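Okay, here's what each chain looks like letter by letter:
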Amino acid sequence: MKKTNQYRGVVVPMVTPVDAQGQLDITAVERIVCHFADNHVAPLLMGTTGEGNSVSRKDGLLFVKTAVKATKDRILIYVGLTGNCVSEQLDQANSYIEAGADVIVATLPTYYALTPQQMEDYYISLADNVKAPLMMYNILTTTHMSIPVDVVERLSYHPNIVGLKDSERDLERMAHCIAIAKGRKDFAYFCGWAAKSAYSLSLGGDGIVPSTGNFVPEMFNQLYDAAVRGDMECANYLQEETDQIAKIYQSGRTLGQSLAALKVMMKTKGLCETWMLPPLSRLATGEENAIVELVSQIP
């Protein structure tokens, strides 16, 4: 049964901190999720920003257990689900739920191009069998598929599907998807296009999922609060400020390179090291130093 009226606010797609050997950095996980909880934002573990496709099942389970223990029920724990074998996904999702995850956030399987009906059947299969609320995750950049709006609308009435995280950069689509969720307590819209966070909230979106929130969670919490109280001047100001910070790690880089650059920024705050999970890799020393210099210039 759906839990109503609680899926809203800021959910940060958390990086996956690892050591030089590629092992999960438990201390860093604890440090980051506590930092999130202190700033009233929730983590999305093993999403795109968290290198979800590269995290082993063993480390994924440890990741969830560590985050749950560290946050002590102060915030919800969202957990990303990726992969191409649906039966394994179901087992993995339920193991995360047993470890304390509150919401499973699933992208489409990506090896084959799926028809709209196959997409719908996939989410119904997950929703019928996972033991916690399910959220759809639409991200054209990595899956190379877009969940049609009419499919989203039909799935929004499934008793165990509680929302959509949409990272597609399409303003018309955003408006349509927000309209599906607007005024409902059983289905939420989360904007995964960080540069349009304030705009999505002005349209009536329920939440935002900004990767830059790894570095400045407090600013996105302030942005969300401002939008909720109708102070769009403040929300838009914070949007512009966070957009400038995002350029430090995103501008001129591939998605994978930007994730490595984000970890460099986080290291300046003592949150994690800069190691990445294969096939991604850390940046060259000179590039890391250049990022550190840019961070030092943030007012």
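Look a little higher up for the structure.
Residues numbered from 1 in each chain as written. Predicted model: local features only at pLDDT ≥ 70, side-chain atom pairs only at ≥ 80, totals over all residues. Heavy atoms only, no water.

Help me get a handle on the sheet that holds strand β5 (residues 134–138), residues and values and all.
Through backbone hydrogen bonds, the strands of a sheet pair up, either in parallel or in antiparallel fashion. Taken together, eight strands build a closed barrel; the order of strands is β1-β2-β3-β4-β5-β6-β7-β8 and the barrel is parallel. Judged from the three bridges that link them, strand β1 (residues 9–13) and strand β2 (residues 42–45) form a sheet pairing that is parallel. By the bridge assignment for β2, Pro-13 is matched with Leu-44. Each of β3 (78–81) and β4 (103–106) is contacted by helix α3 (residues 86–98), which is oriented at about 165° to β3, the strand it contacts most. Against the sheet, helix α7 (residues 171–181) contacts β5, β6 (161–166) and β7 (188–191), and its axis sits at roughly 150° relative to β7. (Pairing = 2+ DSSP bridges. Helix = DSSP H or I, 4+ residues; strand = E, 2+ residues; numbered from the N terminus. Contact = heavy atoms within 4.5 Å. Axes fitted to C-alpha atoms, helices over the stretch in contact; angles between N-to-C directions.)

I'd like a description of the nonpolar core, backed by residues and values.
If you look at soluble globular proteins, the nonpolar side chains tend to sit buried side by side. Within the largest apolar cluster, 88 residues are counted, with the highest numbers of intra-cluster contacts made by Leu-45, Val-64, Val-79, Tyr-123 and Leu-134. Of the residues forming this core, the biggest block, seven residues, is contributed by helix α11 (residues 255–267). Within the second largest apolar cluster, 16 residues are counted, among which are Tyr-7, Met-135, Tyr-137 and Phe-190. (Core = buried A, V, L, I, M, F, W, Y, C linked by side-chain atoms within 4.5 Å. Buried < 20%, exposed > 50% of the residue type's maximum accessible area, 1.4 Å probe, protein only.)

Provide a residue-level description of helix α1 (residues 26–38), including the pertinent values.
The end-to-end C-alpha distance of α1, which contains 13 residues, comes to 18 Å, matching closely the 18 Å that a straight helix rising 1.5 Å per residue would cover. The set of residues buried in α1 consists of Ala-28, Val-29, Ile-32, Val-33, Phe-36 and Ala-37. With its buried residues spanning 165° around the axis, α1 presents them on a single face. Against β1, β2, α2 (57–71), α9 (217–228) and α11 lie the buried residues of α1. Immediately downstream of α1, the backbone of His-40 shows phi near 65°, a positive value. (Expected span 1.5 Å × (residues − 1). Arc of directions from axis to C-beta.)

Please give an account of the pairing of β2 that cites residues and values.
Both faces of the sheet carry side chains from a regular strand, because those side chains alternate between them. Of the two faces of β2, the one lined by Ala-42 and Leu-44 and the one lined by Pro-43 and Leu-45 are each fully buried. Traced from β1 through α1 to β2, the parallel crossover comes out right-handed. Direction of pairing for β2 relative to β3: parallel, over a ladder of two bridges. In the sheet register, Leu-44 faces β3, and the bridge partner there is Tyr-78. Each parallel crossover has a hand, and for β2 linked through α2 to β3 it is right-handed. (Right-handed = clockwise from strand over helix to strand, strands pointing away.)

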